[in-house]
Amino acid sequence: MKKVISILVMIAILIASSFSIDVSAYNRDILDAKIITVADTVSYLVVDASRYNSKISSMFLDGKRVDYTFVDSLGRIAKKEYDGAHSSLKIILQNGKIVERDVSEIYKSFPYQASNIKAVSPDVVIGQATMAVWDYHSVAKDKNGNELVYPDKTTFDVDYNKKQESILQDSYLEEEILENPNPIEIPSSKVFDYKKNAVFEYDLKNDIQKSKFDKLKKIVKIYNNKQEANLKITKIRNGNKGLVKILYNASRPIQSNGKHIIKYYYDGIGAEVNTIFYKDKSPEILLTADSGEYVTGKSIIFNLKGFSYLFQQDTGVQAIYLNGYRLTRKRVVNPDENYSEVVKHEDVAENESENSWHIVGETLRIKNDGIKYLKKGINYITIQYDGFHDSNLKFRLNSNNGRSSLKNDMKPHSTYESPKIVALNSRKMRLSNVVKINKVPNFITKNIFGVNGLKRNGFIKKVDTVSAATSGGSSVPSVGDESSSGGGVNIGSKLAFKFDAVANAAILEKLGYDVESVKKMLDAWEGTSKEIALMNSNTRKRVVWDRYLTYVQNNKVNNNIYKSFSDYYNDSNVKLTQNGYYVVKYFFDGKLGAPIYAMKIFQNSNEGNSEPIPSNNKKIDVRFRSEGYSDMQMNVNEEAKFDILTFNTPDIVSVDIIKDDKYVLSVDKNGYKYYKSLGMLSINQGMIKESGDYTAVFHFDGASDAIVYFTVAD
């Protein structure tokens, strides 16, 4: 018995000694643990145990086992989405080693409360990009030569010896601006809410005001050409107050938001001129995901939801303030002006590229001299309009210490490298007549690739398409490249990213690992204008990425709360979009996958080829229009005409033409004529050049898609 006990004691001593060796051999400062934020949205606790040459098998926070995912293929770097502050971290490696670390200081530098909902990142993010046509048609293949469609892994092969100095995370404990330094909108007697009566108050105890009230006979609007139009008014006495109302519904000349010059006519008193403003509700400022993370030192883009031009750009926005500074801008010369002559007498700009900001559609870009007023940490922007109440946004920027070096290392393009994707704002993109097919057509093969192989082509230029559109240029993918003897063809594409792969790539870069596939992934990600995010469980529920990004930022800077994607996804107020019913291609390590049609973008999706979820239940009746309505047939190169029979039809976003289950044309407003009052749409003559059976998918802004079948004869 004593012998058995002595053996057991000996075994216990050996186990204890081996355990103490493992623990004592660990230097607590060696285990690399950080909070890393990816794409300004998702934050992770990242643990780098690569120096131990063993896979992580378990992770504990404050003594509780937690789930995690791997960043690298060998499982030595792990991540867990932020779920609130913790004090202690313990990992157990596959070789039995136990490593612990105090992480309280890490969480203090990221001082946000966590929401109660389980933190879940998006599965897939889809965006818009433009690239060379040969890149678009270059499909990644597996070792057996089969075309790849869905990425089967999101981790990366890492050479742990090729680690540079890590990119330090920004401290969140810096001094912040406590109050908005920008001008605050002050109520004015000259400003009225759009679509409501304009009411002017007179003090009847004041002899001058009483006289004007009594003798007022009419109010007119004065147009720019000096013509006048009568406005419908009423005069009401209310004790010692006199009220004059311009009745909005009965006064057509002022039924637009913006500035109006009005004139008061009196009996026996000289007329007076006044300026009033009808202002609509403030446009909502959204951060965008046009490229990369929001950092200092580069142009910054916002979306102004609900904003529209009044007459021309300069009458739409009065001023923009950034952190207390008014961003100056020059007047852009009109097309009929001679710039070389005007500039001699006036400080004008030849085009929008010279200014510190400009707006196209709903897109606002701060650039040039405007960038210098951006700062690391909390920023404020205020936009003043003629026709809208002021917009304000408080947002945070990190310092620019991430991606700039990679751009300087880009090599001349070839068909065997990763696509050099050019960022393109999808709202300004025009894709009429762009043919989407699986194989490169003969004219491209001969004229671009050459009869005997690839012709030389230079760098694909990165174009600021917003600037081009503002200065009268076009954002249509151009054919021909001045730097190339063989020319060039660009094509627009919807790119899909497994977000977990993007997150892992960003983490490895911030940890300082030099991985070529990581650079390719992040170059493609930054060159894509992010639009929607999806979960694997429901491809029909599509979240607007810009709104999600703004939601996360607003909660951080205003509420000190970290909100996950699942928080936004499950919010009853989340705004969905129909966007996404297009051909998409997944981005792999340096190449694109095979095209995926409709919304079947998940390998294991239970949605199949589901149609996009409508923003409401309205259904639009669309029929093919043919002579006498006796058949559904047209001839090649004729107009394809359709009747849209639903009363008060929402706007048409685009029409997709499908043949043989493949998208042939994505037709936008440049490719069709829409006569809304007549309920008719016709696709431009000559766009359909082959006979056969076709399907037209109509996309509406605020209704379900409508599908129409028709036949084209020779």
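Our subject is the structure listed above.
This structure is a prediction, so every number in the text was calculated from the model and none was measured. (Residues numbered from 1 in each chain as written. Predicted model: local features only at pLDDT ≥ 70, side-chain atom pairs only at ≥ 80, totals over all residues. Heavy atoms only, no water.)

A.B. asks: Before we move on, can you summarise the overall build of the chain with the specific residues and values?
C.D. replies: Across its full length, the chain carries 13 helices and 43 strands. Within the span of the chain, comprising 714 residues, buried residues form 51% of the whole. Accessible surface, the chain: about 34800 Å² in total, of which carbon and sulfur atoms supply 48%. (Helix = DSSP H or I, 4+ residues; strand = E, 2+ residues; numbered from the N terminus. Buried < 20%, exposed > 50% of the residue type's maximum accessible area, 1.4 Å probe, protein only. Areas by Shrake-Rupley, 256 points an atom, 1.4 Å probe, with all protein chains shown as cover.)

A.B. asks: I'd like a description of the sheet that holds strand β21 (residues 317-322), backed by residues and values.
C.D. replies: In a beta sheet, neighbouring strands are held together by backbone hydrogen bonds and run either parallel or antiparallel to one another. Reading across the sheet, the four strands line up as β22-β21-β27-β28 and stay open at both edges, with antiparallel pairing between neighbours. Unpaired on one side and paired on the other, β22 (325-326) and β28 (391-397) mark the two borders of the sheet. Bridge count for strand β27 (residues 377-385) against β28 is seven bridges, and the pairing is antiparallel. Bridged to Gly377 within β28 is Leu397. Seen against the sheet, helix α12 (residues 545-559) touches β27 and β28 and runs at an angle of roughly 85° to β28. (Pairing = 2+ DSSP bridges. Contact = heavy atoms within 4.5 Å. Axes fitted to C-alpha atoms, helices over the stretch in contact; angles between N-to-C directions.)

A.B. asks: Explain the packing of aromatic side chains residue by residue, including any values.
C.D. replies: All chains considered together, the criterion is met by 34 aromatic pairs. For the ring pair Phe642 and Phe710, a centre distance of 5.7 Å and an interplane angle of 80° mean the geometry is edge-to-face. With Phe642 in strand β37 (residues 640-644) and Phe710 in strand β43 (residues 706-713), this pair connects stretches of sequence that are 68 residues apart. Exposure class is identical for Phe642 and Phe710. Each is buried. (Phe/Tyr/Trp six-rings, centres within 6.5 Å; stacked < 30°, edge-to-face > 60°.)

A.B. asks: Break down the pattern of salt bridges for me, with residues and values.
C.D. replies: Going through the model one piece at a time under the given rule, you end up with 24 salt bridges. The salt bridge partner of Glu228 is Lys263, with a shortest N-O separation of 3.8 Å. Pair noted here: Glu228 is in strand β14 (residues 228-231) and Lys263 is in strand β17 (residues 258-266), with a separation of 35 residues, a long-range link. Accessibility expressed as a relative area gives 39% for Glu228, which makes it partly exposed. The shortest N-O distance in the salt bridge between Glu284 and Arg547 comes to 3.0 Å. Taken as a pair, Glu284 in strand β19 (residues 284-287) and Arg547 in helix α12 lie far apart in primary sequence, 263 residues in all. The exposure class of Glu284 is partly exposed, given its relative accessible area of 34%. According to the relative accessible area criterion, Arg547 is buried, its value standing at 14%. In the salt-bridge network here, residues are joined through shared partners; they are Asp32, Lys34, Asp48 and Lys163. (Salt bridge = Lys/Arg side-chain N within 4 Å of Asp/Glu carboxyl O.)

A.B. asks: Quick one: what's the story with the environment of Asp32, residue by residue and with numbers?
C.D. replies: Relative to the assigned elements, Asp32 resides in strand β1 (residues 32-38). With a relative accessible area of 15%, Asp32 lands in the buried category. C-alpha of Asp32 to C-alpha of Ile77: the two residues are 45 residues apart in sequence and 9.5 Å apart in space. Not counting the four nearest positions on each side in its chain, Asp32 is found in contact with Val46, Val47, Asp48, Arg101, Lys163 and Leu511. Within the local environment of Asp32, its side chain forms a polar contact with the side chain of Lys34, the two groups lying 2.9 Å apart. (Polar contact = N/O pair within 3.5 Å; in protein donor to acceptor, adjacent residues only side chain to side chain.)

A.B. asks: So, the side chain of Asn555: which residues are in play, and what are the values?
C.D. replies: Summarising the element assignment, Asn555 is placed in helix α12. Asn555 sits in the buried class, given a relative accessible area of 10%. Those residues within four positions of Asn555 in sequence are excluded, and the remaining contacts are Asn560, Ile561 and Lys563.

A.B. asks: Please provide a residue-by-residue account of the sheet that holds strand β26 (residues 363-366), values included.
C.D. replies: Strands sit in the order β19-β20-β26-β25 across an open sheet of four strands; the sheet is antiparallel. Of all strands in the sheet, those bounded by a partner on one side alone are β19 and β25 (357-360). Taking each pair of neighbouring strands and ignoring which way they run, the sheet shows an average axis angle of 25°. Alignment of β19 against strand β20 (residues 300-305), held across four bridges, turns out to be antiparallel. Pairing of Leu286 across the sheet is with Asn303, part of β20. Running at roughly 95° to β19, α12 makes contact with β19 and β20 of the sheet.

A.B. asks: For helix α10 (residues 499-511), give the residues involved together with the corresponding values.
C.D. replies: The terminal C-alpha atoms of α10, which comprises 13 residues, lie 18 Å apart, in line with the 18 Å expected from a rise of 1.5 Å per residue. Within α10, 12 of the 13 residues are buried, leaving the element largely enclosed by the surrounding structure. When we look at burial in α10, the residues that qualify are Phe499, Ala501, Val502, Ala503, Asn504, Ala505, Ala506, Ile507, Leu508, Glu509, Lys510 and Leu511. One or two residues past the end of α10 sits Gly512, with phi positive at roughly 100°. (Expected span 1.5 Å × (residues − 1).)

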